[in-house]
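# Survey of secondary and tertiary structure
Here is what each chain is made of, one letter per residue.
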Amino acid sequence: MTTGSKNIILRCLRSIFRVTPVWMIFCAILFAAPLKAIAIEPEPVFYETSVFVVVQGIGGAEIPAVINNDSAYLSITDIFNFLKIRNTASPHMDSIYGFFINENAPFLVDKKNNVIHYQDKIVPLNKDDMVSTETALYLKTGMFASVFGLQCKFSFRSLSVKLETRQELPAIREMRQEMMRRNISRLKGELKADTIIGPRRQMFSIGMADWSVVATQRPEGGAGNTWLNLAMGGVVLGGETSVSLNYNNYAEQQLPYSHDSALIKPFDQRQQYYRWRYVNNDHSALRQIIAGKIFTPSTASIFDPVVGVQFTNTPTSYRRSYGSYTLSDFTDPGWTVELYVNNALVDYTTADAAGFFTFQVPLVYGNSVVRLRFYGPWGEERSREENISIPFNFLPLHEFEYTASAGMVEDGHRSIFSRVQMNYGLSRNVTVGGGMEYLSSIPTGKAMPFVMASARVASNLLLAGDYTYGVRGRGILTYRMPSNLQFELFYTRYKKGQQAIIYNFVEERKLIISKPFLAKKFSFFNRVTLNQIILPETKYTTAEWLVSGAVFRVGVNVNTYAIFIKPEPPFVYTNLALTYRLPGEILITPQVQYEYNSNSLMAVRCELGKYLFRHGYMNVSYERNYKSNITNVGIGLRYDFAFSQIGFSAWKGTNMTTLVESARGSLVYDDKAKFAGFSNRTSVGTGGVVLLPFLDLNANDRRDPGEPKAYGLKTNCNGGRILQNQHDTTIRIVNMEPYEYYFIELGKNSFENVAWQIKKPAISVAIDPNQMKLVEVPVVIMGEVSGKVILEEQNVTKGIGRLSIGFYRNDSTLVARTQTEADGYFNYMGLPPGTYTVRIDPLQLQKLGMTATPAKLPLTIRLRMEGDVVDGLEFRLRREKVE
């Protein structure tokens with residue numbers, strides 16, 4: 001303020017005080033404020049906006065609202081639509097009716113009479129409880145609570161409303177039901193996909209290769225051996241082809257369980273594996289043709305591979321029945337065990353400190369191959385399937401399945417083997433079957449006809465039995481109580497003098513009682529097994545009590561064995577193994593064996609292990625066997641590279657030192673993308689997918705020359721292992737089961753540029769064996785459009801909300817639709833390049849009695865890498881004159 005201005009103000013004040021007494025000025029000031037408040041009390045100011053409404057169990061959404069000071073009014077139609085509450089608005093938006101949650105709770109919001117009818121009650125409203133506009137009817141948040149029980153907490157600072165209620169809203173119920181349906185669909189493989197890519201058959205290709213090396217040296221004795229394995233997988237004449245070559249230079253080794261006393265050669269044909277399989281799951285009469293080393297269950301004792309052919313109409317994918325079968329066994333401690341049913345990975349686990357593992361195997365339909373694959377910590381790999389079977393096989397009602405196999409046994413005698421098995425679903429709970437088995441090396445009774453049956457007597461009671469003429473008859477009963485206490489009874493009776501099975505058993509009896517115990521601090525699997533074998537001259541009985549689990553983060557395995565052979569006294573001992581994680585992420589595994597007959601220790605063992613650099617593992621161990629008076633000290637190191645797993649271990653014993661080096665890995669070749677990748681896991685017999693996202697510049701859903709790759713795609717798959725290559729933008733999903741359809745979800749908001757969008761984000765793709773299938777993902781560049789709708793009336797202009805804006809191609813085909821916000825602003829992202837027409841919904845304008853200027857606007861989305869933006873569109877509305 002200048003000096004001159006100050007002087008003018010001072011002169012005015014002096015003149016006022018000269019003319020007017022001081023007491024009159026004081027009274028005027030005292031009464032001026034209340035008189036002003038009475039004279040010019042302002043009207044309530046309402047302004048339209050949107051608030052973010054959050055509902056627990058549903059999520060959040062932007063809802064149109066009206067704000068007055070610290071009070072919020074929510075659009076009744078929008079909030080009820082969000083909660084999935086049935087409602088209908090009158091054409092002039094002066095009333096809304098429907099029912100709340102169920103049809104027995106009707107409601108009517110009446111703006112004319114300013115009341116709410118809910119069920120049998122009439123709730124009068126105050127003047128400021130409801131606000132109406134041309135396009136919406138708004139109710140105060142407090143009235144939602146008092147009338148409908150929807151507690152709304154409004155925050156003016158964040159413009160948000162937190163809605164809570166004890167009632168199960170339709171939206172919550174619908175989401176819960178949808179989640180249940182989705183889970184069921186996932187289990188059944190019935191997920192809905194935008195794109196389905198079927199199998200691809202090639203005449204010849206090589207796509208997978210596995211390799212492994214294990215070398216052992218014993219410096220003191222000068223002996224050692226090297227084991228080499230090379231497996232290759234491809235396609236020949238449209239069929240899956242796998243070849244595995246094994247070399248072992250330890251000439252003194254004999255084939256396990258072989259009745260052939262001949263020494264194995266370094267490159268023995270019985271150690272080699274080769275198989276060709278043609279699969280067509282759509283052909284109900286013949287789904288699989290297999291040639292080479294075949295796997296088939298047999299009644300006769302066969303310990304050598306069978307080379308031949310196999311025909312079956314059993315599908316490659318396993319079909320679940322109700323219930324499960326407990327499969328448990330032992331391997332080496334810490335080994336990873338994978339369970340395969342019909343070549344499909346069903347489950348995997350890690351053996352505990354004593355090597356015990358268990359699976360809940362689904363009861364499967366028909367004849368299925370159940371296989372276990374074992375992976376050791378130092379690159380060891382084993383598999384077993386010949387002695388594993390699920391005794392209960394069921395088929396759907398009136399469905400017929402068969403498997404016919406024939407070939408030669410590699411036992412040195414060129415024995416001929418054949419087996420035909422047929423099964424039929426007599427009812428939902430009963431399956432019957434039968435067939436014939438033949439083995440030429442049996443002196444008498446070469447042909448062995450058999451019959452079998454499985455029955456589900458109740459949901460928790462299963463029976464199975466089979467009889468092979470001249471060989472044996474057996475029965476199995478399984479009963480599971482609601483408390484998960486399970487009883488299993490096995491009984492087998494052998495024909496006297498039979499020669500198909502090499503054991504001279506008369507009878508076999510087995511009882512298994514098992515029960516899991518689960519609590520907050522511990523979980524255990526408890527099993528008691530009684531097994532008795534009756535021989536012609538004696539009786540052999542064993543008992544086992546196993547407890548395996550964890551308590552307070554300590555892994556525990558207690559296994560007690562008892563062997564009864566008369567007239568010898570029983571031999572009883574216990575094996576106790578613990579696993580605990582010490583500070584510093586050190587894993588300690590102590591183990592002790594105690595013999596009760598002599599009340600002494602049999603052996604003790606302790607191992608310390610620690611993971612190094614995320615991909616490495618080191619361990620040291622000590623072992624003392626008091627029975628054989630042998631002491632061993634060992635150290636091992638393993639590291640998992642991206643291309644290979646490499647291990648080294650050294651053992652120093654009482655009389656010998658042993659060194660072991662191992663390495664394994666695999667190669668995956670993609671001929672379409674011209675890529676060769678390495679992995680530290682096995683790949684032969686699996687398949688994969690290569691996702692190649694690209695910018696579809698001409699929007700024809702095909703990759704044309706010159707269309708660049710798109711960076712940043714994120715994906716999710718219901719199986720396999722996802723590997724993302726940052727250099728070439730491709731995504732590879734490996735270790736997928738062949739012939740299965742996998743569901744792949746592509747992230748809609750993966751890219752940094754919001755203009756890059758995926759039109760079909762759900763893909764169902766069939767996996768081809770030993771191949772990487774290339775799937776090109778088109779990414780469309782979308783345009784963004786924005787504008788405003790203004791209402792002109794009584795020389796006042798303002799934005800108007802909740803108007804429907806349509807985007808049309810060729811002025812007739814509706815492409816997209818959006819709504820204006822409370823201030824009249826509208827925005828839409830998702831128009832591909834092209835020419836469009838924009839206009840307000842004519843029916844809505846007719847109901848409101850308004851006309852738009854202009855009636856429509858032309859629009860062009862140009863092709864740009866970063867996406868095109870068209871803004872500044874404007875419509876002006878006027879009310880039609882009523883004559």
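The structure reproduced in this document is the subject of the present report. (Residues numbered from 1 in each chain as written. Predicted model: local features only at pLDDT ≥ 70, side-chain atom pairs only at ≥ 80, totals over all residues. Heavy atoms only, no water.)

## Examining the overall build of the protein chain
Assigned secondary structure in the protein chain consists of six helices and 61 strands. Taken across its 883 residues, the protein chain has 43% of its residues classed as buried. Within the protein chain, counting contacts between residues at least 6 apart in sequence, those at least 24 apart form 51% of the total. Looking at the protein chain as shown, the accessible area adds up to about 47900 Å², and 58% of this sits on carbon and sulfur atoms. (Helix = DSSP H or I, 4+ residues; strand = E, 2+ residues; numbered from the N terminus. Buried < 20%, exposed > 50% of the residue type's maximum accessible area, 1.4 Å probe, protein only. Contact = heavy atoms within 4.5 Å. Areas by Shrake-Rupley, 256 points an atom, 1.4 Å probe, with all protein chains shown as cover.)

## Concerning the pairing of strand β17 (residues 273-279)
Taken together, the five bridges between strand β16 (residues 239-248) and β17 define a ladder with antiparallel strand orientation. In the strand pairing of β17, Thr241 is matched with Trp276. Pairing of β17 with strand β18 (residues 288-294), which is carried by five bridges, proceeds in the antiparallel orientation. Its bridge partner being in β18, Arg275 is matched across the sheet by Gly292. (Pairing = 2+ DSSP bridges.)

## Let's talk about the environment of Gly142
Topologically, Gly142 is positioned in helix α4 (residues 141-148). Accessibility expressed as a relative area gives 41% for Gly142, which makes it partly exposed. The spatial distance from the C-alpha of Gly142 to the C-alpha of Asp129 is 8.5 Å, given a sequence separation of 13 residues.

## Let's talk about unusual backbone geometry
A negative phi holds for most residues other than glycine; trans holds for most peptide bonds. The omega torsion across Lys566 and Pro567 is 5 degrees, close enough to zero to call that bond cis. Along the polypeptide, Pro567 turns up in the loop between β36 (554-565) and β37 (571-582). In this chain, Thr853 is followed by Pro854 through a cis amide linkage whose omega measures -5 degrees. Here Pro854 shows up in the loop between β59 (850-853) and β60 (857-861). Its identity is not glycine, yet Asn599 carries a phi of approximately 50 degrees, on the positive side. Here Asn599 shows up in the loop between β38 (586-595) and β39 (600-612). Residue Asn599 is classed as exposed on the basis of its relative accessible area of 55%. A positive phi angle is found at Asn629, which is not glycine, with a value near 55 degrees. Positionally, Asn629 belongs in the loop between β40 (616-625) and β41 (630-640). We classify Asn629 as partly exposed; its relative accessible area is 48%.

## A short note on the sheet that holds strand β6 (residues 106-110)
Taken in spatial order, the five strands of this open sheet run β4-β5-β6-β7-β8, and their pairing is antiparallel. Only two strands of the sheet have a single partner each, and these edge strands are β4 (87-89) and β8 (121-124). Shown here is a sheet whose adjacent strand axes are inclined to one another by a mean of 15 degrees, direction ignored. Here four bridges tie strand β7 (residues 115-118) to β8, and the two strands are oriented antiparallel to one another. Within the sheet, the bridge partner assigned to Tyr118 lies in β8 and is Lys121. Lying on the sheet, α4 is in contact with β6, β7 and β8; it crosses β7 at an angle near 30 degrees. (Axes fitted to C-alpha atoms, helices over the stretch in contact; angles between N-to-C directions.)

## What about the packing of aromatic side chains?
Under the criterion given, the structure shown has 23 aromatic pairs. With a centroid separation of 5.3 Å and an interplanar angle of 10 degrees, the aromatic rings of Tyr503 and Phe505 are classed as stacked. Residue classification places Tyr503 among the partly exposed residues on the basis of a relative accessible area of 43%. Between the aromatic rings of Tyr639 and Phe641, the centroid separation amounts to 4.7 Å while the plane-to-plane angle is 55 degrees, which identifies the pairing as tilted. Tyr639 sits in the partly exposed class, given a relative accessible area of 27%. Linked through ring pairs, Phe80, Phe100, Phe107, Tyr118, Phe144 and Phe148 together constitute an aromatic cluster. Taking NZ or CZ as reference, Arg456 lies 4.6 Å from the ring centre of Phe394, over its face. Above the plane of the ring of Tyr808 lies Arg839, whose end atom (NZ or CZ) is 4.0 Å from the centre. (Phe/Tyr/Trp six-rings, centres within 6.5 Å; stacked < 30°, edge-to-face > 60°. Lys NZ or Arg CZ within 6 Å of the ring centre and 35° of its normal.)

## Let's talk about the sheet that holds strand β55 (residues 804-809)
Taken in spatial order, the four strands line up as β56-β55-β58-β60 in an open sheet, and their pairing is antiparallel. Both outer strands of the open sheet, β56 (813-819) and β60, are each paired with one neighbouring strand and no more. In this sheet, neighbouring strand axes are inclined to one another by 30 degrees on average, regardless of whether the strands run parallel or antiparallel.

## Examining α4
The element α4 is largely enclosed, with a buried count of six among its eight residues. Taken together, the buried positions of α4 are Thr141, Met143, Phe144, Ala145, Val147 and Phe148. One or two residues past the end of α4 sits Gly149, with phi positive at roughly 75 degrees.

## So, the environment of Ala300
Along the chain, Ala300 turns up in the loop between β18 and β19 (306-312). The residues touching Ala300, leaving out its near neighbours within four places in the chain, are Glu437, Leu439, Ile442, Met448 and Ala500.

## Quick look at the pattern of salt bridges
Summed over all chains, the structure comprises 26 salt bridges. Salt-bridge contacts for Lys293 lead to Glu410; the nearest nitrogen and oxygen are separated by 3.3 Å. One end of the pair, Lys293, is in strand β18; the other, Glu410, is in the loop between β26 (400-409) and β27 (415-425), with 117 residues separating them in the sequence. Lys293 sits in the buried class, given a relative accessible area of 4%. For Glu410, a relative accessible area of 8% translates into the label buried. Between Arg419 and Glu437 there is a salt bridge, and its shortest N-O distance comes to 2.4 Å. Linking Arg419 in strand β27 with Glu437 in strand β28 (residues 430-439), this pair joins segments that are 18 residues apart in sequence. Exposure remark for Glu437: the relative accessible area of 0% places this residue in the buried category. (Salt bridge = Lys/Arg side-chain N within 4 Å of Asp/Glu carboxyl O.)

## Let's talk about the pairing of strand β29 (residues 447-458)
Relative to β29, β28 is paired through nine bridges, and the arrangement is antiparallel. Following the sheet pairing, Gly433 is matched in β29 by Met452. Bridging between β29 and strand β30 (residues 461-468) involves eight bridges; their strand directions are antiparallel. Along β30, the bridge assignment pairs Ala458 with Leu461. Linking β29 to β30, which pair antiparallel, is a turn of two residues.

## Details of the environment of Pro199
Tracing the backbone shows Pro199 in the loop between β13 (195-197) and β14 (204-218). Here Pro199 falls in the exposed class, since its relative accessible area comes to 52%. Along the primary structure Pro199 and Lys773 are separated by 574 residues, whereas in three dimensions their C-alpha atoms are 9.2 Å apart. With near-sequence residues (within four places) excluded, Pro199 lies in contact with Tyr741, Ala766, Asp768 and Lys773.

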